[in-house]
Every structure is written in C-alpha cells, then in structure tokens.
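Observations on the three-dimensional arrangement
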Amino acid sequence: MTVRTGEEAFMENILITGGAGFIGSHLAERSLEKGYEVTVIDNFDPFYDPNVKRQNISKASMDPRYQLLEGDIRDEEFIHFVFGRHTPDIVVHLAARAGVRPSIDHPVIYNDVNVRGTAIILEACHKHGVKRFIFGSSSSVYGNAEKVPFSEDDNVDYPVSPYAATKKAGELLCYTYHHLYGMAIHCLRFFTVFGPRQRPEMAIHKFTRMIDRDEELTQYGNGKSSRDYTYIEDIIDGVMASIENVSGYEIINLGESKTTSITELIKKLEALLGKKARVRVLPHQPGDVHTTCADIRKAARILGYAPKFPVDAGLKVFVEWYKDTGQRTFR
Ligand code: NAD
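Here the structure is a predicted model, which is why all the values come from computation and not from measurement.

1. Quick notes on the sheet that holds strand β8 (residues 184–190)
Either a parallel or an antiparallel arrangement is found when strands of a sheet pair, and the pairing is made through backbone hydrogen bonds. Ordered in space as β5-β4-β3-β6-β7-β8-β13, the seven strands form an open sheet in which the pairing is parallel. Lying at the two open borders of the sheet, with one neighbouring strand each, are β5 (66–70) and β13 (249–254). Averaged over all adjacent pairs, the angle separating strand axes in this sheet is 20°, with direction ignored. Both strand β4 (residues 37–42) and β5 contribute to a ladder of five bridges, which runs parallel. Bridge pairing in β5 places I41 opposite L69. The strands that helix α1 (residues 22–33) touches are β3 (13–17), β4, β5, β6 (90–93) and β8; relative to β3, the one it contacts most, it runs at about 170°. Sitting on the sheet, helix α5 (residues 107–127) touches β3, β6, β7 (132–138) and β8, and the angle it makes with β6 is about 180°.

2. Side note on the site of the ligand
Of all residues adjacent to the ligand, which total 30 residues, the nearest are D42, Y48, Y163, V193 and R199. A distance of 2.5 Å is found between an oxygen atom of the ligand and a side-chain nitrogen or oxygen belonging to Y48. L94 is positioned with one of its backbone polar atoms (N or O) 2.8 Å from an oxygen atom of the ligand. Coverage of the ligand by the protein chains reaches 98% of its 820 Å² of free accessible surface. Among the secondary structure elements, those contributing two or more residues to the shell around the ligand are α1, β7 and α6 (162–181).

3. Digging into the pattern of salt bridges
Counted under the stated rule, the structure contains 25 salt bridges. A salt bridge links R97 to D45, with the shortest nitrogen-to-oxygen separation between them at 3.4 Å. With R97 in the loop between β6 and α4 (101–105) and D45 in the loop between β4 and α2 (50–56), this residue pair connects regions lying 52 residues apart in the sequence. Taking the relative accessible area as the measure of exposure, R97 reaches 14% and is therefore buried.

4. So, helix α7 (residues 203–212)
Summarising burial for α7: seven of the 10 residues are buried, a large majority. Of all the positions in α7, only I204, H205, F207, T208, R209, M210 and I211 are classed as buried. Backbone geometry just after α7 places D214 at a positive phi near 55°.

5. A closer look at the packing of α5 against α6
For the pair α5 and α6, the least separation of the axes is 9 Å and the interaxial angle reads 15°. The angle between the axes of α5 and α6 places the two elements in the roughly parallel class. Of the two possible hands of crossing, α5 and α6 adopt the one that is right-handed. Only P162, Y163, T166, K167, A169, G170, L173, C174, Y177 and Y181 of α6 make contact with α5, whose side of the interface consists of P107, Y110, N111, N114, V115, T118, A119, L122, E123 and H126.

6. Some thoughts on unusual backbone geometry
For the peptide bond that leads from V148 to P149, omega is -5°, which places it in the cis range. For R197, which is not glycine, the phi dihedral falls at a positive 75°.

7. Brief notes about the environment of T192
In this fold, T192 is placed in the loop between β8 and β9 (193–194). Along the sequence, T192 and S58 sit 134 residues apart, while their C-alpha atoms lie 24 Å from each other.

8. Some details on the packing of aromatic side chains
Applying the stated criterion across every chain, the model contains 11 aromatic pairs. Where Y142 meets F191, the ring centres are 6.1 Å apart and the plane angle is 35°; that geometry is what we call tilted. Taken together, the residues span a long stretch of sequence, with Y142 in the loop between β7 and α6 and F191 in the loop between β8 and β9 at a distance of 49 residues. By relative accessible area, F191 is classed as buried at 0%. Between the aromatic rings of F194 and Y229, the centroid separation amounts to 6.3 Å while the plane-to-plane angle is 85°, which identifies the pairing as edge-to-face. Here F194 is found in strand β9, whereas its partner Y229 is found in the loop between β11 (226–227) and β12 (230–231), with 35 residues between them in sequence. Of the residues examined, Y229 reaches a relative accessible area of 4% and is grouped as buried.

Rules and cut-offs
- Residues numbered from 1 in each chain as written.
- Predicted model: local features only at pLDDT ≥ 70, side-chain atom pairs only at ≥ 80, totals over all residues.
- Heavy atoms only, no water.
- Pairing = 2+ DSSP bridges.
- Helix = DSSP H or I, 4+ residues; strand = E, 2+ residues; numbered from the N terminus.
- Axes fitted to C-alpha atoms, helices over the stretch in contact; angles between N-to-C directions.
- Contact = heavy atoms within 4.5 Å.
- Near = heavy atom within 4 Å.
- Polar contact = N/O pair within 3.5 Å; in protein donor to acceptor, adjacent residues only side chain to side chain.
- Areas by Shrake-Rupley, 256 points an atom, 1.4 Å probe, with all protein chains shown as cover.
- Salt bridge = Lys/Arg side-chain N within 4 Å of Asp/Glu carboxyl O.
- Buried < 20%, exposed > 50% of the residue type's maximum accessible area, 1.4 Å probe, protein only.
- Parallel < 35°, antiparallel > 145°, perpendicular 65-115°, else oblique.
- Left-handed = near helix turned anticlockwise from the far one by under 90°.
- Phe/Tyr/Trp six-rings, centres within 6.5 Å; stacked < 30°, edge-to-face > 60°.

Encoded structure:
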C-alpha cells in the first residue's frame, strides 16, 4: 500500500516469513497487487519438495518490488541482519513446521522451528521497531473440543498434538510481546486451508493425487471425522484485512464455518476427477481431532471477513489446478 506523508509517498513493506510456502506465496502475490513491497524469508525446508516452493514464487519473484532472502528463522544473526537492512512496516509470520501427524514423530524440531523461531522473529520485531505483527496460528489449538463451532473464547489448554501445542505457545509469546512492547498483534487461527499449491501431504491434495493415479488411499477412522475447509482466497482476504486493521492483541478464527466429512470429501473428489477411489481404512490416528468448525463472527466484526468460496466451488478450482499444474509439480 502506498502511504503519503507530506510531499513524499512511500510503499509499505510487508515481511512474510515462510513466504515461499502454500499460504505465504499467495499472500505475497496479493500484497504486490495491493501495492506493497514484499520481503520473503524462507529456508526452503525439505518437509516437502523445495522445487514446489520455487515454483510457488515464480510469478511474484518477477516483480521488482519483491525480494527473497533465503535463510532460517532460527538463525539469529541472519534475522537481525535482514531486519536491520530491510526494516519492515509489518511482519506476517507463517514460517513453521506444519502438519499434525509428523509432529508426533518430530516434536523437538516442531518446537524448535515453531516456538524458538517465533521468539526470534518477535524479538527481532521488538529490536527493530516493528509495530504490527500477524501470526499464522491454527484451528488445531482447539484440540478435541466438543462445543462447535469453535470460538476464540473457548478454552484451548488441551492440545492433542505437539504441532497444536507449538501454535498455542506461539500465541502466548505474541501476547507477551504485545503486553511488554505494545506491538499490535493478530493471531489468525486458520482452519484447514486448500486451493492451488496446497501442501502435497494435506488430505485434499493427497486424495486427489491418489484417485487420479488409481493408487490406494488411506482413510484413518470411519470417514465421519470432518473439517472446516477454507479456500485460500478467503484466507488471503482475511490476512489482508488483518494487515490493514491490526491493533491491540486479538485472536481471530478464519474458516468457512461449514464442515465436510472425509467420506463426503472423497465422493466430491471422485465426481470431479471422474474416477472411483480405492480406499483402505485404518484406525483413527492419535493427534487427529474429530471435527473442526470455526465461529467466524469475530472475524466478520473486526475484519469484515465474509468467505466467498463454498467447498464445492473451491474443490473445482483445486482439481482444475491439479490437472493443469499440480500433478506435474509433485511426483
Ligand atoms: P508451508 O509448509 O507450505 O509453508 C511454510 C513455509 O515455511 C515453507 O515454505 C517452509 O520452507 C518455510 N519454513 C519452514 N521452516 C522454516 C525455517 N526454519 N526458516 C524459514 N522458513 C521456514 O505451509 P502452509 O500450509 O503454507 O502454512 C503456513 C502457516 O500457516 C504455517 O505456520 C502453518 O502452521 C499455518 N497453518 C496452515 C494451515 C493450512 O491448512 N495450510 C492451517 C493452519 C495453520
């Protein structure tokens, strides 16, 4: 966004950590469209193929207002160098180890990247005078809460995976930096995000790939567990509104407030791909939650958030993207 002060006009700079990933690369593109300068920090972590991330940023990186700085958020020297050279007006912190199940096998790495890494970014913001901060949190903090939809006031003291615990810890650190230094912070709890570039290990992407290739897909549990699937454009609308309105300290859900069961999801993908899924059913996995569903009234009130993509419309775009591009980017 261009800001005018007296005679001068300057573009605000958004720093996006994890900006080469699924959500971050979409956010970078939208931010450029809106007139911001964009700085991305990403270490091209091998959690999934780094070439997919290079592809994600191929469009944005053509823009002269876009700068990629490759490095690790846990490298304090690098981070302080970056903040010193490119002091951002606002930071959107998305870099993380994502995914529930792998966090059970690698809890220490998840803690290191998601908690220590967040502390390093917050401290750099404080030291370099960044006053506005957006944190990519997750619906997983609600654990196996029985009351749906999930509201920001609900108790989230019972995370059921290391990943969820690290996201809750990140929110706590954010509150502390708001309290100590008056930083304006929004912690946005994303509910299962999907759309073009979705991480290849996430259910919608994985199921699409398996059905398309006539490979057997694994369904954990009886198929009744459900998710509030949120289309990427809606998430980006929410993050942009947050960038433009952040003040105080707020936790805000970003979801669609509708649920789709695993069985329904597989049926929808079968219809879109014109193929039958071969499904192997295994027991429910520890760490998985039964349902997620966002109460989005607070997002509507504070951000004017109003999701526009029902799951059917979003899946149609996703499958078209998969056929066109996605299937070539993941082998
Ligand atoms: P992603 O894995 O595609 O993106 C994360 C990016 O962070 C990757 O490009 C990765 O290379 C980078 N990264 C990882 N470790 C890093 C490090 N140590 N230093 C620098 N960069 C590092 O994931 P995503 O789906 O785009 O998720 C983005 C954020 O949103 C994450 O914080 C995730 O926990 C959160 N989130 C995502 C979802 C979802 O459904 N996708 C839901 C809830 C929360």
